[in-house]
Each structure stands twice: as C-alpha cells, then as structure tokens.
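Here's the letter readout for the chains.
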Protein chains: 2
Amino acid sequence: MTGSHTLGETEARVANRLSHMALDFEAMAVSSNLFRAASAVRNHFERNVLSESGLSWTAFVVLWVTWIWEPAETRDIAAEAGISKATLTGVLSTLEKLDLVVRTRSTEDGRLVLVTLTKKGHDLMENLFPAFNRQEVEVVSPVAPGKRSELADMLRAITEKIEG
Amino acid sequence: MTGSHTLGETEARVANRLSHMALDFEAMAVSSNLFRAASAVRNHFERNVLSESGLSWTAFVVLWVTWIWEPAETRDIAAEAGISKATLTGVLSTLEKLDLVVRTRSTEDGRLVLVTLTKKGHDLMENLFPAFNRQEVEVVSPVAPGKRSELADMLRAITEKIEG
DNA sequence: TTTATATTGTTCGTATCCAAACAATCTCGA
DNA sequence: TCGAGATTGTTTGGATACGAACAATATAAA
C-alpha cells in the first residue's frame, strides 16, 4: 500500500472535506502517483543496485549521460539529466572525488567544461549498467509490455508540456 | 525538448555504444521519463503556484495530507507523502516556522506526535489548493482525458511493486 | 514485576536540489 | 576596437532527502 490509507479512503475523504470546491480528481491522481512512483523508483535503485558503488540516483544518471556522449559539455549533461547546472557542479564534484570522471576546461570556449569518464568510471559502467537495466525491467514489470511505450510517451508529453 | 538530444539521437547513440549488451530500451524509457516528468512537474509547481507562499513541493504535500486527515499522526503523514520520518521532522519544522501547522505529543501514546493546521494554514489551503489543482489539470492536459486514469493506475502499480 | 523487543520521532552526517549572485568568457553591433 | 548583452560554471544560502544512531515509550512474555 502506498500510504496508510487506500486510494478509495483518500478520495472519499477529499470529496467529503473539499465538496465546496470544483476539483479534478484524475489530474490529482496523475500528479500524486507520478511523484510517488518516481520517488519509490529512485529509493529502490539507491538502496539496491547503486548502494554498493556508493552512487546516488542522480550521480548515476550523470555518469550514464557522460558515458554515452563523452566528451560531454556540462550544459548538455545538466539538460539531459534534468538537473540545474548548480546541482551538476556538486554532483560532478562527488564523481570526481570517487575518481569516476575528469573535468577539463574547453580550449575552444573558455566558458565550457568538458567531462569524460576515467578508466575506473568505464569499468564501473560496464558492470553496473546491465544490472541497473535488469532492475529497470523488474520495476516496470507490472505494466503490460504493450503499454510501456505508451506510458513512456505520456510521461514525455507531460515533461515537454512544461519545458516547452 | 527534454534534453539537448532528441530521444531518437539518444537511442541511436546508446544502441551503438552498448551494442555488446542485451538491453531493454522500453524499461529504460519508462524509468528515465518517469523521473524527468516528476522532476519537471515538481519544479514547475515550485516556480509557479507554490512560490508566492514560500512552500516547496514536499511542504505542500505534507500540508495537504495533514489538512485532509487532521489531526494526523506523523507516521501516517510520512507514509502518505512518501517521505521518511527523518525528512518529515525537518519539513514540519519549516511549516511550524511559517506558522502553518502545530505539533502536539499524543496524550495516549507518548511515542506519537499529532499535527493540525493553524487558522493561517487552513486559510492558505482554501485558496492555494484550487489553484494547485488547476495547474495539475494544465500539466496533464497533453494526456488524453480517457487515458489519465490508466496512467495513474500504471504509476500506482509501479509504486506498489516496489513498496509491496 | 521485570526484561526483551518493537515502535516512534529526533538528531547527525552527508548528498542532492535550486535560485540568485557572481566572475569569466564569448558574440555582435556600432 | 570597444562596449553591451548573453552564456557559462561556480559559489552561497537554505531546503529537502535518507540511513544510522539514539532516547523515550509501549507491548508482551516469562
């Protein structure tokens, strides 16, 4: 159960308490479940797959994006990972401390910083990512295989609506 | 665009770079878009509806859960909001500082803490929640109305799979 | 009655997270 | 060539986020 009260109890209570308001329960259900699911997935991965390499969810995502596009510019990594550049600076500091990435100021544009994985970073991702992906499969297994693309599309549409 | 590269570019790059691995792209797409959408929704609400009352997304959720069930026990609020009790302690401190809630130690069980909204808290929610819900409607508008319940159900199934 | 075990909320340490401010760099138009 | 405006990454301050450890309280069994 995702909380102490069932969904039915919650909606009944909300309907009763807020009957003087015109509310859209479907929209409410989508956004609350979106947040709950994302939080549960993140915690699950941090507790299981990621815990032995000492990576947080976001550190892993940053490492993954850099792995795919290296050498990667920090402004692009932040955009791909969906975090601010301020946050990325801190997460890269953590990854550097773990000796997983290296930051280099661009020679072509002094404003830009390029990031690459170290050998240790590459070795880690070669082993960690398949395990990560197996957990991804596990986590989405309650969703019918035919519905997973549709789910991803709906989620992407929500993000695009917000970020234009 | 949700990142500097389109989805197609990313998948092509991943397929090329990781062709030696057996990967499930659908599972990958679901979990990455889940996290991106939740993050985008949260940031959108914090920047818009919630910014003038100085509330974070989580502070709002805690206030809302307490509003619905008050007097509410902290262990239930944490469970409903999907955050740890350690985090709830800090968020309640923030809400108390804003004079929106009051914490009381239970007289029946000395381990428990009960939370209620202040008058200021009630007044805030009467005005803020309808505006919040209107933004929820806006944010889910890219998803066809007939599909919203289905989307909420799939997300709920993922959370329940993880949290048992 | 006593002791062991469980539950609760808080504290601590550490990481993430963002907006705002800032310094450095780049670009473009006059 | 120079100055205005834009872009980049970092720093700062404050909030969230969690696991582990801890103290206080409750419960159950001997």
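Keep in mind it's a predicted model, so treat the numbers as computed, not measured.

Q: So, the packing of helix H4 (residues 74–81) of chain A against helix H5 (residues 85–97) of chain A: which residues are in play, and what are the values?
A: Residues and elements named next belong to chain A. It is the contact of H4 with H5, at a shortest axis distance of 9 Å, that shows an interaxial angle of 105°. On the basis of their axis angle, the class for H4 and H5 is roughly perpendicular. Residues Thr74, Arg75, Ile77 and Ala78 of H4 form the contact with H5, whose own contacting residues are Lys85, Leu88 and Leu92. Looking at side-chain class alone, the contact of H4 with H5 contains four nonpolar, one polar and two charged residues.

Q: Which residues make up the sheet that holds strand E3 (residues 113–117) of chain B, and what are the values?
A: All names here are of chain B. The three strands lie next to each other as E1-E3-E2, forming an open sheet whose pairing is antiparallel. Looking at strand neighbours, the two that pair on one side only are strand E1 (72–73) and strand E2 (101–105), the edges of this open sheet. Pairing of E2 with E3, which is carried by five bridges, proceeds in the antiparallel orientation. The residue of E3 that forms the bridge with threonine 104 is leucine 114. Lying on the sheet, helix H5 (residues 85–97) is in contact with E2 and E3; it crosses E2 at an angle near 125°.

Q: How would you summarise helix H2 (residues 25–47) of chain A if you had to cite specific residues and measurements?
A: Helix length check: H2(A) (23 residues) gives 32 Å between terminal C-alpha atoms against 33 Å at 1.5 Å per residue, within 8%. Capping the start of H2(A), Asp24(A) holds a side-chain oxygen 3.1 Å from the backbone nitrogen of Glu26(A), two or three residues further along.

Q: Give me the relation of the copies chain A and chain B: which residues, what numbers.
A: Each copy of the sequence occupies a distinct position, and chain A is placed on chain B by a rotation of 180° and an axial shift of 0.0 Å, giving an RMSD of 0.0 Å. The two molecules are tied by a two-fold rotation axis, judged by turn and shift.

Q: Break down the interface of chain A and chain B for me, citing the residues and quoting the values.
A: Contact with chain A, which involves 76 residues of that partner, is made by 76 residues of chain B. The junction of chain A with chain B conceals about 7,600 Å² of combined surface from both sides, 65% of it contributed by carbon and sulfur atoms. It is Phe35(A), Trp69(A) and Ile162(A) in chain A that bury the most area against chain B; as a group they hold 9% of the surface buried on that side. Glu70(B) is paired through a salt bridge with Arg17(A); the nearest N and O atoms lie 3.5 Å apart. On the surface where chain A and chain B come into contact, there are 22 residue pairs in polar contact (both at pLDDT 80 or more). Of all the elements in the fold, those that place two or more residues in the side of chain A that touches chain B are helix H1 (7–17), H2, helix H3 (57–69), H4, helix H6 (119–140) and helix H7 (145–163) of chain A. Looking at the side of chain A that touches chain B residue by residue, the classes come out as 40 nonpolar, 16 polar and 20 charged.

Q: Just give me the short version of the sheet that holds strand E3 (residues 113–117) of chain A, but keep the residues and values in it.
A: Residues and elements named next belong to chain A. On the basis of which strands lie adjacent, the open sheet formed by three strands has the order E1-E3-E2 and antiparallel pairing. Each edge of the open sheet is held by one strand with a lone partner, namely strand E1 (72–73) and strand E2 (101–105). Where H5 meets the sheet, it contacts E2 and E3, and its direction lies at approximately 125° from that of E2.

Q: So what about the protein's contact with DNA strand C? Which residues, and what values?
A: Around DNA strand C, 25 residues are found, and the nearest of them are Arg42(A), Thr58(A), Thr74(B), Arg75(B) and Thr89(B). For DNA strand C, the backbone makes up 84% of the atoms found within 4 Å of the protein, where backbone means sugar plus phosphate. At 2.9 Å, a side-chain N or O of Thr87(A) approaches a phosphate oxygen of DNA strand C. Between DNA strand C and Arg75(B), the relevant distance is 2.6 Å, taken from a phosphate oxygen to a side-chain nitrogen or oxygen of the residue. Going through the elements one at a time, H3 and H5 of chain A together with helix H2 (25–47), helix H4 (74–81), H5 and E2 of chain B are the ones with two or more residues in the surface near DNA strand C.

Q: Let's hear about the nonpolar core: which residues, and what values?
A: Residues Trp64(A), Leu95(A), Phe129(A), Trp64(B), Leu95(B) and Phe129(B) are the most contacted members of the largest nonpolar core, which totals 110 residues. Two domains each put at least three residues into this core: domain 1 (1–47) and domain 2 (54–142) of chain B. Trp64(A) has contacts with Met125(A), Phe129(A), Thr10(B), Val14(B) and Met28(B), leaving out every residue within four places of it along the chain.

Q: Describe the protein's contact with DNA strand D, listing the residues and the values that go with them.
A: Lining the immediate surroundings of DNA strand D are 28 residues, of which Thr74(A), Arg75(A), Thr89(A), Arg42(B) and Thr58(B) lie closest. Sugar and phosphate atoms form 85% of the subset of DNA strand D atoms that lie within 4 Å of the protein. Contact distances for DNA strand D include 3.3 Å between a phosphate oxygen and a side-chain N or O atom of Asn43(A). Contact between DNA strand D and Arg42(B): a phosphate oxygen at 2.6 Å from a side-chain N or O atom of the residue. In terms of residue count, H5(B) provides more of the surface near DNA strand D than any other element does, six residues in total. When grouped by side-chain class, the residues that make up the surface near DNA strand D number seven nonpolar, 10 polar and 11 charged.

Q: Tell me about the packing of aromatic side chains, and please be specific about residues and values.
A: In this structure the tally under the stated criterion is 18 aromatic pairs over all chains. Ring geometry for Trp57(A) against Phe35(B): centres 5.1 Å apart, planes inclined by 45°, an arrangement best described as tilted. Linking Trp57(A) in helix H3 with Phe35(B) in helix H2, this pair reaches from one chain into another. When sorted by exposure, Trp57(A) lands in the same class as Phe35(B), which is buried. On the numbers, 5.8 Å between centres and 45° between planes, the contact of Trp57(B) with Phe132(B) is tilted. You can see Trp57(B) sitting in helix H3 (residues 57–69) and its partner Phe132(B) sitting in helix H6 (residues 119–140), a full 75 residues away along the chain.

Definitions and cut-offs
- Residues numbered from 1 in each chain as written.
- Chains lettered and ligands numbered in written order.
- Predicted model: local features only at pLDDT ≥ 70, side-chain atom pairs only at ≥ 80, totals over all residues.
- Heavy atoms only, no water.
- Axes fitted to C-alpha atoms, helices over the stretch in contact; angles between N-to-C directions.
- Helix = DSSP H or I, 4+ residues; strand = E, 2+ residues; numbered from the N terminus.
- Parallel < 35°, antiparallel > 145°, perpendicular 65-115°, else oblique.
- Contact = heavy atoms within 4.5 Å.
- Nonpolar A, V, L, I, M, F, W, Y, C, P; charged D, E, K, R; others polar.
- Pairing = 2+ DSSP bridges.
- Expected span 1.5 Å × (residues − 1).
- Polar contact = N/O pair within 3.5 Å; in protein donor to acceptor, adjacent residues only side chain to side chain.
- Least-squares fit on C-alpha atoms with pLDDT ≥ 70 in both.
- Buried area = accessible area lost by both parts, 1.4 Å probe.
- Salt bridge = Lys/Arg side-chain N within 4 Å of Asp/Glu carboxyl O.
- Near = heavy atom within 4 Å.
- Core = buried A, V, L, I, M, F, W, Y, C linked by side-chain atoms within 4.5 Å.
- Buried < 20%, exposed > 50% of the residue type's maximum accessible area, 1.4 Å probe, protein only.
- Domains from an automatic or database assignment.
- Phe/Tyr/Trp six-rings, centres within 6.5 Å; stacked < 30°, edge-to-face > 60°.

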